[in-house]
Amino acid sequence: MKMLQQNPSASPAPATRILAPIAMIGIGCRFPGGANDPESFWRILEEGRDVITEVPEGRWNTQQFYDPERGKPGKSQTRWGGFLDDQAGFDSHFFGISPREVARMDPQQRLLLETAWEAIEDGGQVLERLAGSQTAVFVGISSWDYSYQAMSFQDRGVINPYSNTGCAHSIAANRISYCFDFRGPSAAVDTACSSALLAVHLACQSIWNDDCPLALAGGVNALLLPDSFVAFSQLGMLAPDGRCKTFAASANGFVRSEGAGMVLLKRLDQAIADHDRIYTIIRGTASNQDGRTPGMTVPNQTAQENLVAMACRNAGVTPATIQYVEAHGTGTLVGDPIEARALGSILGTDRAADRPCLVGSVKTNIGHLEAGAGAASLIKVALAMHHRCIPANLHFDRPNPEIDFDQLRLRVPTVCEPWPAGEGPRLAGINAFGYGGTNVHVIVQEAPRQPQLAAKPECPHTPERVELVPISARGPEALQALARSMKRCVESVPPEVTLRELAGNLAAHRTHHPCRTAIVTKSKEDLARQLQAFADGQPPSGTTVDRAVPGQIPNLLFVCSGQGPQWWAMGRQLLETEPVFADMI
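Since this is a predicted model, take the numbers as computed values, not measurements. (Residues numbered from 1 in each chain as written. Predicted model: local features only at pLDDT ≥ 70, side-chain atom pairs only at ≥ 80, totals over all residues. Heavy atoms only, no water.)

Q: Give a detailed account of the pattern of salt bridges, specifying residues and quantitative values.
A: For side chains of opposite charge, pairing can occur when their charged atoms come near one another. Overall, the coordinates contain 21 salt bridges when judged by the stated rule. Here lysine 266 and aspartate 274 are joined by a salt bridge, their closest N and O atoms 2.9 Å apart. Among the residues examined, aspartate 274 registers a relative accessible area of 32% and is labelled partly exposed. The residue glutamate 446 makes a salt bridge to arginine 426 at a minimum N-O spacing of 3.2 Å. Of this pair, glutamate 446 sits in strand S15 (residues 438–446) while arginine 426 sits in the loop between strand S13 (417–418) and strand S14 (427–433), and the two are 20 residues apart along the sequence. Per residue, the accessibility class of glutamate 446 equals that of arginine 426, and both read buried. Beyond isolated ion pairs, a larger network of salt bridges with shared partners links Arg30, Glu114 and Glu118. (Salt bridge = Lys/Arg side-chain N within 4 Å of Asp/Glu carboxyl O. Buried < 20%, exposed > 50% of the residue type's maximum accessible area, 1.4 Å probe, protein only. Helix = DSSP H or I, 4+ residues; strand = E, 2+ residues; numbered from the N terminus.)

Rendered as structure tokens:
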């Protein structure tokens, strides 16, 4: 009997599985160009800046390892990359880690700890309330540069009790859980360039499976040695001129980069109930593998098409309604056309010619963070949706002739432009491909319009209200640094945000540390002035710095002795200025 050969591509599509939306409520980042917070990262994107530089002094001797001739043994074809301003700086006291242990920690672990903390704080979550919870941690990490140096076979005398935990990739996630006392799933994943977005995919799966109510997800990369530069040059993957030219005719490779990105995720319904600020929501995710291709690092267009289609099914969205895709977009002559054709075959169908899907890549701004690349892509899209603008894709001089953008219904934005409004909500897709074949796609949607909390009516004849603004840190120097950064934040607060709201958020949505003070003020302008004075070592009169006793919550006691006639109008000011007190009378 003759057997019929099955066609895998003709197999029926799996049943649609609509997933509950997940809100992104916090962001922490360390990206090249001084992008150490979401605001500075957005400025780079909005202004269309390329922050790639030559290898900084102190990393390695570029003269020894650089040679523009391709394939020269032991040489890198490029001396360019995306580098952090301060990769070594770390406040060990803040995280309760001894200096001796920190000295043996991979810088990638330090970057992940910092960005995890900042994502928690940006999300308005108080650490004391999360300690002991099922909060999950998933991180993407693949670089072994530090391990090659720290676990030296040339001098094993440098190995100490902290070497194993300082070098192990598993500890990159586990240390975050340990430091913050999180009890949910905690794992590091390595699928090369798709690691960070796979971490997001796993975090969403964990939330959907009720394994955790809250999850941190992201990725990291550090460029410490020239070895990988040499190896990628031998493969012909790096751009000799240090410019990532995604989808352009002049594309000649990617640019290596370092940094870290972390996001805080929570179920949308719970985020709305908790009145969290929401950057964007994740509607669906998908992951698959290229399988056998002409070469292990050669992408598979069919696999990419199936990936995008599966993510759209899981998200419950029609592919033609997606307005933008943050492409993997490494800027290679082989990878870019395959990715573009895969996107066009799924997203371009049933799409009007005058409403093409926009495509771009953050790699043209900051380079390729490899294991951390997916985090940079996701954060870029979240900020773009938040600001309702799509940043420019840089270095797009002429379209790659192997990509028929008109037929595929794709367009590359070359300037920062408003996010195109459709009949439904704003939607975007994010691609991440590992060079070993692991692919991930995430569908995100603009955050829903959140209802404003009804403000309590002020008492009649209320005088100018005085607010108490608390600030705290782990030590006096950190407190001064915090005051300086808070001053900049206060100056950038939108006019519609009141001083009362600002003080309330600082009191209820920040973790309070042992070294603390409070500022009494009547306006945001005065608050900024007092914060600057405190940062300069000249605290305003009446301002004191106190140290809380760990583990002890001080009691608050009001004493109103006697029958009330001790002085005229006793308590009237409190009655006039505090609605909560007035409601109790």
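Q: I'd love a proper account of the sheet that holds S14, names of residues and values included.
A: Read from one edge to the other, the open sheet built from 11 strands follows the order S5-S4-S6-S7-S1-S8-S15-S14-S9-S10-S12, with strand pairing classed as mixed. Either end of the sheet is taken by a strand with one partner, and the two such strands are strand S5 (186–189) and strand S12 (410–411). Seen against the sheet, helix H5 (residues 107–122) touches strand S1 (22–30), strand S4 (136–140), strand S6 (214–221) and strand S7 (259–267) and runs at an angle of roughly 135° to S1. Against the sheet, helix H13 (residues 301–315) makes contact with strand S8 (280–289), S14 and S15, and its axis sits at roughly 145° relative to S8, the strand it touches most. (Pairing = 2+ DSSP bridges. Contact = heavy atoms within 4.5 Å. Axes fitted to C-alpha atoms, helices over the stretch in contact; angles between N-to-C directions.)

Q: Hey, could you go over the nonpolar core for me, with residue numbers and the actual values?
A: With 53 residues, the main nonpolar core has Phe31, Phe41, Leu265 and Val444 as its most contacted residues. Of the residues forming this core, the biggest block, 9 residues, is contributed by helix H16 (residues 373–387). With near-sequence residues (within four places) excluded, phenylalanine 41 lies in contact with Cys29, Phe31, Ala35, Val362, Ile366, Ala376, Ile379, Lys380 and Leu383. (Core = buried A, V, L, I, M, F, W, Y, C linked by side-chain atoms within 4.5 Å.)

Q: For the packing of H5 against helix H9 (residues 169–180), give the residues involved together with the corresponding values.
A: It is the contact of H5 with H9, at a shortest axis distance of 9 Å, that shows an interaxial angle of 40°. When the axes of H5 and H9 are compared, the pair comes out oblique. Relative to H9, H5 is oriented so that their crossing is right-handed. Taking contact as the criterion, the partners of Gln108, Gln109, Leu112, Leu113, Ala116, Trp117 and Ile120 in H5 are, on H9, His169, Ile171, Ala172, Arg175, Ile176, Cys179 and Phe180. Across the contact of H5 with H9, the residue classes break down as 10 nonpolar, 3 polar and 1 charged. (Parallel < 35°, antiparallel > 145°, perpendicular 65-115°, else oblique. Left-handed = near helix turned anticlockwise from the far one by under 90°. Nonpolar A, V, L, I, M, F, W, Y, C, P; charged D, E, K, R; others polar.)

Q: Got a sec to walk through a nonpolar patch on the surface? Specific residues and values, please.
A: Side chains of Met151, Val158 and Ile159 sit close together on the surface and give an oily, nonpolar patch of about 200 Å² of accessible area. Position of valine 158 among the secondary structure elements: in the loop between helix H7 (145–150) and helix H8 (163–167). (Patch = residues over 30% accessible without salt bridge, like charges linked within 9 Å, V, L, I, M, F, W, Y side chains within 5 Å. Areas by Shrake-Rupley, 256 points an atom, 1.4 Å probe, with all protein chains shown as cover.)

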